[in-house]
Amino acid sequence: MYKWVEIDLDAIAANYQKVRKFVRKETKILGVVKADAYGHGAVEVAGELERQGIDYLGVTELEEGIKLRRAGIKTPILVFGPFLPEDAYCLKEFDLTISINNLEFLKFLAEKAIPLKAHLKLETGFGRTGLKYDQLAETADILKKNDFLNIEGAYSHLSTAMWDNSSYVKKQYEEFNRAVSFLEEKGISLPIKHICNSAALSKFPQMHLDMVRVGNLLYGQQVGGKNIFQEELLNAWYLKSQIIYINELPKGHPIGYEQTHILKKDTKIAIIPVGYVHGFSVEPLLKPKGIINLFKVLGKNILRFFNHPRVQIYGDIKGVKVPVLGKVGMQLTILDVSHIPQVQIGDTVLLPGRRTNISVSLPKVFLKGGKPLKVRSIQEKYEQVTLAAK
Ligand SMILES: *Cc1c(COP(=O)(O)O)cnc(C)c1O
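Residues numbered from 1 in each chain as written. Predicted model: local features only at pLDDT ≥ 70, side-chain atom pairs only at ≥ 80, totals over all residues. Heavy atoms only, no water.

*Asks:* Honestly, the nonpolar core in this entry has me stumped. Any pointers?
*Replies:* A general tendency of soluble globular proteins is for nonpolar side chains to be buried together. One finds Leu-109, Leu-120 and Leu-122 to be the most contacted residues of the largest nonpolar core, which totals 107 residues. Looking at which domains feed residues into this core, each of domain 1 (9–235) and domain 2 (243–376) gives three or more. Among residues more than four places away in sequence, those in contact with Leu-120 are Ile-100, Leu-131, Thr-139, Leu-143, Ile-151, Gly-153, Ala-154, Tyr-155, Leu-183 and Leu-190. One finds Ile-255, Leu-263, Ile-271 and Leu-325 within the second-largest nonpolar core, a separate group that totals 7 residues. (Core = buried A, V, L, I, M, F, W, Y, C linked by side-chain atoms within 4.5 Å. Buried < 20%, exposed > 50% of the residue type's maximum accessible area, 1.4 Å probe, protein only. Domains from an automatic or database assignment. Contact = heavy atoms within 4.5 Å.)

*Asks:* Help me out: how do you make sense of the packing of aromatic side chains in this one?
*Replies:* For any pair of aromatic rings, the description rests on two quantities: the centre-to-centre distance and the angle between the ring planes. In this structure the tally under the stated criterion is 6 aromatic pairs. When the centroid spacing of 5.6 Å and the interplanar angle of 25° are considered together, the rings of Phe-83 and Phe-105 count as stacked. You can see Phe-83 sitting in the loop between β4 (77–79) and α5 (87–93) and its partner Phe-105 sitting in helix α6 (residues 103–112), a full 22 residues away along the chain. Pair check on accessibility: Phe-83 and Phe-105 agree, each one buried. Across the ring face of Tyr-133, the terminal group of Arg-178 is positioned such that the distance to the ring centre comes to 3.8 Å. (Phe/Tyr/Trp six-rings, centres within 6.5 Å; stacked < 30°, edge-to-face > 60°. Helix = DSSP H or I, 4+ residues; strand = E, 2+ residues; numbered from the N terminus. Lys NZ or Arg CZ within 6 Å of the ring centre and 35° of its normal.)

*Asks:* Just to check I follow, could you spell out the site of the ligand for this structure?
*Replies:* The local shell around the ligand consists of Val-32, Lys-34, Tyr-38, Phe-80, His-157, Asn-197, Ser-198, Arg-213, Val-214, Gly-215 and Asn-216. Arg-213 places a side-chain nitrogen or oxygen 2.8 Å from a nitrogen atom of the ligand. The contact in question runs from an oxygen atom of the ligand to an N or O atom on the backbone of Gly-215, over 2.9 Å. Residue assignment for the shell around the ligand shows that the elements contributing at least two residues are α2 (34–39) and β9 (211–214). Broken down by class, the residue content of the shell around the ligand amounts to 4 nonpolar, 5 polar and 2 charged. (Near = heavy atom within 4 Å. Polar contact = N/O pair within 3.5 Å; in protein donor to acceptor, adjacent residues only side chain to side chain. Nonpolar A, V, L, I, M, F, W, Y, C, P; charged D, E, K, R; others polar.)

Right under this line is the structure:
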């Protein structure tokens, strides 16, 4: 296969159970499997979480929910949205729980009398979607007149839960409680209230409410702050490739596009068929969040310019680090394997990667009990190639 992503479903199950033990028995857990389960394979991860007894699943888009239902997932699925009005019919057909993100959408549901399971999404300071406080009176009126809408609960999303400074989280939490109280006083019952993501559920047990929405922790990633679990969370995701060519080049030889690396010694290089088209070495370019962050980003680029070891990307062959040399190409990457005398074509290289960036075109190998359980790949079907007459 030359390149693939390995996913350890047992690690995800173990991480889920750690979260399960951490939150109160009465608090439900919603497992976030958006973006192909953060690159881990939505269908397989959802299946594993279902076997583990998770209460709810969550995705962003309607299509993600449909994919899970078509794969036979029975667990309730909350779709975060936002949606276009027509989406409502599909959500109904596939038994997906909808997020009511805005008043216009609620009015559409009411007008068309589409009976749906729904959670109210409340705007408490994130600045993206959600019903605003001054719209809640009208919201309550509409809900009371249209009781075919099955409102299961209400939620909001935190924008700074990863920060050490928790004052804005507390502000959003208070805002949420104020909105919920307002709706309840108007006679709208909201049995499932939820606001915590991974970072918030780790840091603010008092905010767990009726449900927590957890993504990162399931995938072995601690966000914002200390490890709250007795044992470490487990990594479940490995990007791997195989060496397809080995070459020896002399000292002084330039390497790759634009000669960004010149060999300082005679070097044995290995080629792997992975590049930036697969999302390798690609990072999202995000606006720095402040001056300190800005200088960190600039500093990293300066270090990169000087090939500084701190920003060097390494692969790993049987526990031995192998530096990436030169620019990562579109589909090929060059590694320095001089220090591994027995290295061979076909050897497996473990690579670092940002999980949500790695292309879904790479095959996924799912492990259970340490053994491959299944392989899933999005293979393009090539027409049979007929060679021209010799
Ligand atoms: C992605 C997402 C989460 C999960 O966030 P993590 O930090 O990965 O736990 C929770 N809620 C919503 C609405 C999300 O979009």
